[in-house]
Amino acid sequence: MTRPVRARIDLSALTFNLSQARRAAPHSRVLAVIKANGYGHGMLAVAEALREADAFAVASLEEGVRLREAGIDKPVLLLEGLFGADELDAVLRHGFELVVHEERQVDWLQSLGPAATGREDARLTLWVKVNTGMNRLGFPPGEALRVWDRLAAMPVVAGLRWMSHFACADEPAHPANASQHAAFSKLCAQRNAPRSLANSAALLTRPDSHYEWVRPGIMLYGASPLADDERAPLPPLRPVMSLESALIAVHRCDKGDAVGYGQAWVCPEAMPVGVVAAGYGDGYPRHAPSGTPVLVNGREVPLIGRVSMDMLCVDLREQPRARAGDPVVLWGEGLPVERVARAAGTISYALLCGVTPRVPRQPRGDAG
Ligand SMILES: Cc1ncc(COP(=O)(O)O)c(C=O)c1O
């Protein structure tokens, strides 16, 4: 026996969710976002299951190289582009596509000069990132055409594309969506090239933002891309990760007994308390309050007391027959990760990405 915590990864759910993205954006190509170790699911297994995607997006050269070393030869886009000129050789060698969002990245590309053009692999596809209102990465629309033309003149550049990113797509009625979209579309009209704007939320709620490439991330992993209070109808998505464990102890506490560190939760009556082998050392949120739902034997019970590094406790009054060894789901099948995120005051992205390396990922199911 080993410690029972594990993340089951349902590969068939990934392919199902990809098919939902394609159905919602039938005229666009899909750039599947698999950065941060495939949103915590295990990037290589995710890439393999999503082999029908048109391209992959990652955050760093290292992530891209891992894909290539695993034999994945699809287009791979580095979403933050170059962090230094020293990455260029590997970028060319592996044929990675680059986001360009900053002037010094243009200078680094320029520094390749004519020497690079003799290289057989010196054909770069670049995505010019435009800041349409997110104010994170990208050139202001007023500078983007100058940058575009500078890049277009470089012999090493094989193709240019437009990209921008929504700040508030998870709130479909937010006025920033329309203004960002208008700024993007006005700019793109001045240089005809493939465009990409939509993340998962926009893919599912703003068909006019699909353009030639959509960039879904979270929906592929089966979590809702909309903010908590948004009730827009979404197509069904299937959760890919189930974070599972088991009860490792069940004991009876008396009225007035306090449970866990800080004695933060006090039993209101004599009651059974279960101890689950999962804690913040596994990525379960330390700040999840008492009352956060946990599934024991497929039925919800509330978390009680503070989450420890390796364990958390649950109130078993609704399940008086539960025993050590009984199965527990922290999130996933039967308990959407969004519900746990909401209870813990965080987002599903952070919970999924935060599952720590000591938790074995167990892929299962046929990716199709
Ligand atoms: C530039 C960019 N595009 C697309 C995505 C995917 O977003 P989502 O997971 O909300 O679909 C991300 C995610 O962070 C991103 O940074």
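Residues numbered from 1 in each chain as written. Predicted model: local features only at pLDDT ≥ 70, side-chain atom pairs only at ≥ 80, totals over all residues. Heavy atoms only, no water.

> Just give me the short version of the overall build of the protein chain, but keep the residues and values in it.
Scanning the protein chain from N- to C-terminus turns up twelve helices and 18 strands. Viewed in the frame of its principal axes, the protein chain has a C-alpha envelope of about 75 × 45 × 40 Å. Burial analysis of the protein chain (368 residues in total) assigns 54% to the buried set. Considering only contacts within the protein chain whose residues lie at least 6 apart along the sequence, 65% involve residues at least 24 apart. (Helix = DSSP H or I, 4+ residues; strand = E, 2+ residues; numbered from the N terminus. Buried < 20%, exposed > 50% of the residue type's maximum accessible area, 1.4 Å probe, protein only. Contact = heavy atoms within 4.5 Å.)

> Please provide a residue-by-residue account of helix α1 (residues 11–24), values included.
Spanning 14 residues, α1 covers 20 Å between terminal C-alpha atoms, matching the ideal 20 Å at 1.5 Å per step. Along α1, the positions that sit buried rather than exposed are L11, A13, L14, N17, L18, Q20 and A21. Buried residues along α1 sit in contact with β1 (6–10), β2 (29–33), α3 (43–49), α10 (200–205) and β18 (361–364). (Expected span 1.5 Å × (residues − 1).)

> Could you give an account of the site of the ligand, with specific residues and numbers?
Surveying the vicinity of the ligand reveals 13 residues, the closest of which are K35, Y39, S200, I218 and Y349. K35 has a polar side-chain atom sitting 2.7 Å from an oxygen atom of the ligand. For the ligand, the accessible surface in isolation is 400 Å², of which the surrounding protein chains cover 91%. For the shell around the ligand, the residue count by class is five nonpolar, four polar and four charged. (Near = heavy atom within 4 Å. Polar contact = N/O pair within 3.5 Å; in protein donor to acceptor, adjacent residues only side chain to side chain. Areas by Shrake-Rupley, 256 points an atom, 1.4 Å probe, with all protein chains shown as cover. Nonpolar A, V, L, I, M, F, W, Y, C, P; charged D, E, K, R; others polar.)

> Would you mind going over the packing of aromatic side chains in detail, with residue names and values included?
The tally for this structure, following the rule as stated, stands at six aromatic pairs. A ring pair is formed by Y39 and Y221, whose centres lie 4.6 Å apart and whose planes are at 20°; its orientation type is stacked. Residue Y39 is found in helix α2 (residues 35–39), and its partner Y221 is found in the loop between β9 (213–214) and β10 (241–253); the two are separated by 182 residues along the sequence. Ring plane angle 35° and centroid distance 6.0 Å describe the contact between Y39 and Y349, whose orientation is recorded as tilted. Of this pair, Y39 sits in helix α2 while Y349 sits in helix α12 (residues 348–353), and the two are 310 residues apart along the sequence. Its guanidinium or amino end placed over the ring of F16, R238 lies 5.5 Å from that ring's centre, counting from NZ or CZ. (Phe/Tyr/Trp six-rings, centres within 6.5 Å; stacked < 30°, edge-to-face > 60°. Lys NZ or Arg CZ within 6 Å of the ring centre and 35° of its normal.)

> Tell me about the packing of helix α6 (residues 103–111) against helix α8 (residues 141–152), residues and numbers included.
For the pair α6 and α8, the least separation of the axes is 11 Å and the interaxial angle reads 15°. Judged by the inter-axis angle, α6 sits roughly parallel to α8. In this structure, α6 meets α8 at a crossing whose hand is left-handed. Across the interface between the two elements, E103, V106, D107, L109 and Q110 from α6 touch R146, V147, R150 and L151 from α8. Looking at the contact of α6 with α8, its residues break down into four nonpolar, one polar and four charged. (Axes fitted to C-alpha atoms, helices over the stretch in contact; angles between N-to-C directions. Parallel < 35°, antiparallel > 145°, perpendicular 65-115°, else oblique. Left-handed = near helix turned anticlockwise from the far one by under 90°.)

> For the nonpolar core, give the residues involved together with the corresponding values.
Grouped together as the largest cluster of nonpolar side chains are 117 residues, with contacts concentrated most on I34, L109, L151, W162 and W331. Looking at which domains feed residues into this core, each of domain 1 (11–221) and domain 2 (241–364) gives three or more. Not counting residues up to four positions away in its chain, the partners in contact with I34 are M43, V46, A47, L50, F56, A57, V58, L67 and Y221. (Core = buried A, V, L, I, M, F, W, Y, C linked by side-chain atoms within 4.5 Å. Domains from an automatic or database assignment.)

> Which residues make up the pairing of strand β7 (residues 157–163), and what values do they have?
Taken across its seven residues, β7 has six buried, putting it largely inside the fold. Alignment of strand β6 (residues 124–129) against β7, held across six bridges, turns out to be parallel. Note on β7: the bridge partner recorded for K129 is M163. The handedness of the β6 to β7 crossover, carried by α8, is right-handed. (Pairing = 2+ DSSP bridges. Right-handed = clockwise from strand over helix to strand, strands pointing away.)

> I'd love a proper account of the environment of A25, names of residues and values included.
Within the fold, A25 resides in the loop between α1 and β2. With 184 residues separating them along the chain, A25 and S209 place their C-alpha atoms 9.7 Å apart. Setting aside chain neighbours within four positions, we find A25 in contact with L203, H210 and V214.

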